[in-house]
Amino acid sequence: MPANENIVEFKKTYEFEGKEIKEIDFSSLENLTATDLIEADKVFGATGQFAMVNEMTLGYSLIVASAATKTPIEFFNQLGAADALKVKNKVMSFLNN
């Protein structure tokens, strides 16, 4: 388990844009604004996804993760299922705290 609770460690290392990524720091979630979440809602809707509660979905959580970490959504979309769910749980925990 990482010493920093804001770090999500992945089960495997991912290659993205010439970099190897084994973990991501989500401390930047604290810097999100209402405007960021409204934009995430718009992006989520534009993808054709729908939910009664957006923050409960994997798609929305990955969009928020992308916005918070300034990491392209394409990185998060390539994650394995277990790692994607780790990201979802981190974002949901933040949004519902």
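Heads up: the structure comes first, above all this text.
So, a few notes on the structure that sits alongside this text.

Cut-offs and rules
Within each chain, residue numbers correspond to sequence positions counted from 1 in written order. At least 70 in pLDDT is required for a residue's local features to be given in this predicted model, at least 80 for side-chain atom pairs to be given and counted, and no such filter applies to totals for whole chains, interfaces and linings, which use all residues. Only hydrogens and water are set aside when side-chain values are computed; all heavy atoms of the structure are taken into account. Comment: elements are numbered from the N terminus, with helices defined as DSSP H or I runs of at least four residues and strands as E runs of at least two. Expected helix span is given by 1.5 Å per residue-to-residue step, counting one fewer step than there are residues. Each residue is assigned to one of three classes by its accessible area relative to the maximum for its type, calculated with a 1.4 Å probe on protein chains only: buried under 20%, partly exposed between the two thresholds, exposed over 50%. Residues count as neighbours in contact if any of their non-hydrogen atoms are within 4.5 Å of one another. For the purposes of this section, nonpolar cores are sets of buried Ala, Val, Leu, Ile, Met, Phe, Trp, Tyr and Cys residues that join through side-chain atoms within 4.5 Å. Between N-to-C directions, angles span 0 to 180 degrees; the directions come from axes that are lines fitted to C-alpha atoms, helices contributing only their stretch in contact. For this classification, under 35 degrees means roughly parallel, over 145 means roughly antiparallel, 65 to 115 means roughly perpendicular, and everything else is oblique. Only Asp, Glu, Lys and Arg are considered charged in this grouping, and only Ala, Val, Leu, Ile, Met, Phe, Trp, Tyr, Cys and Pro are considered nonpolar; every other residue, Gly among them, is considered polar. By the convention used here, strands pair only if DSSP detects at least 2 bridges between them.

## Digging into helix H4 (residues 81–95)
The terminal C-alpha atoms of H4 lie 21 Å apart, and with 15 residues this matches the ideal 21 Å at 1.5 Å per residue to within 8%. Within the sequence span of H4, burial applies to Asp 83, Ala 84, Val 87, Lys 88, Val 91 and Met 92. Along its buried surface, H4 packs onto strand E1 (7–16), helix H2 (58–69) and helix H3 (73–77).

## Quick look at the nonpolar core
With 24 residues, the main nonpolar core has Phe 10, Phe 26, Phe 75, Phe 76, Leu 79 and Val 87 as its most contacted residues. Listed by contribution, the elements that provide at least two residues to this core are E1, strand E2 (19–25), helix H1 (34–46), H2, H3 and H4. In this view, Phe 10 contacts Ile 21, Lys 22, Glu 23, Ile 24, Phe 75, Leu 79, Asp 83, Lys 86 and Val 87; residues no more than four positions away in its chain are not counted.

## Description of the packing of H2 against H4
Remark: H2 packs on H4, axes separated minimally by 9 Å, with the N-to-C direction vectors making an angle of 80°. Of the possible angle classes, the one that applies to H2 and H4 is roughly perpendicular. Listed contacts from H4 to Leu 58, Tyr 60, Ser 61, Leu 62, Val 64 and Ala 65 of H2 are Ala 84, Val 87, Lys 88, Val 91, Met 92 and Leu 95. A per-class count over the contact of H2 with H4 returns 10 nonpolar, one polar and one charged.

## Considerations on the pairing of E2
Where E1 and E2 come together, six bridges link them in antiparallel fashion. Pairing of Glu 9 across the sheet is with Glu 23, part of E2. Linkage of E1 to E2, two consecutive antiparallel strands, is achieved through a turn of two residues, within which Glu 17 is found at a positive phi near 50°.

Treat this as a map of the structure, not an account of what it does.
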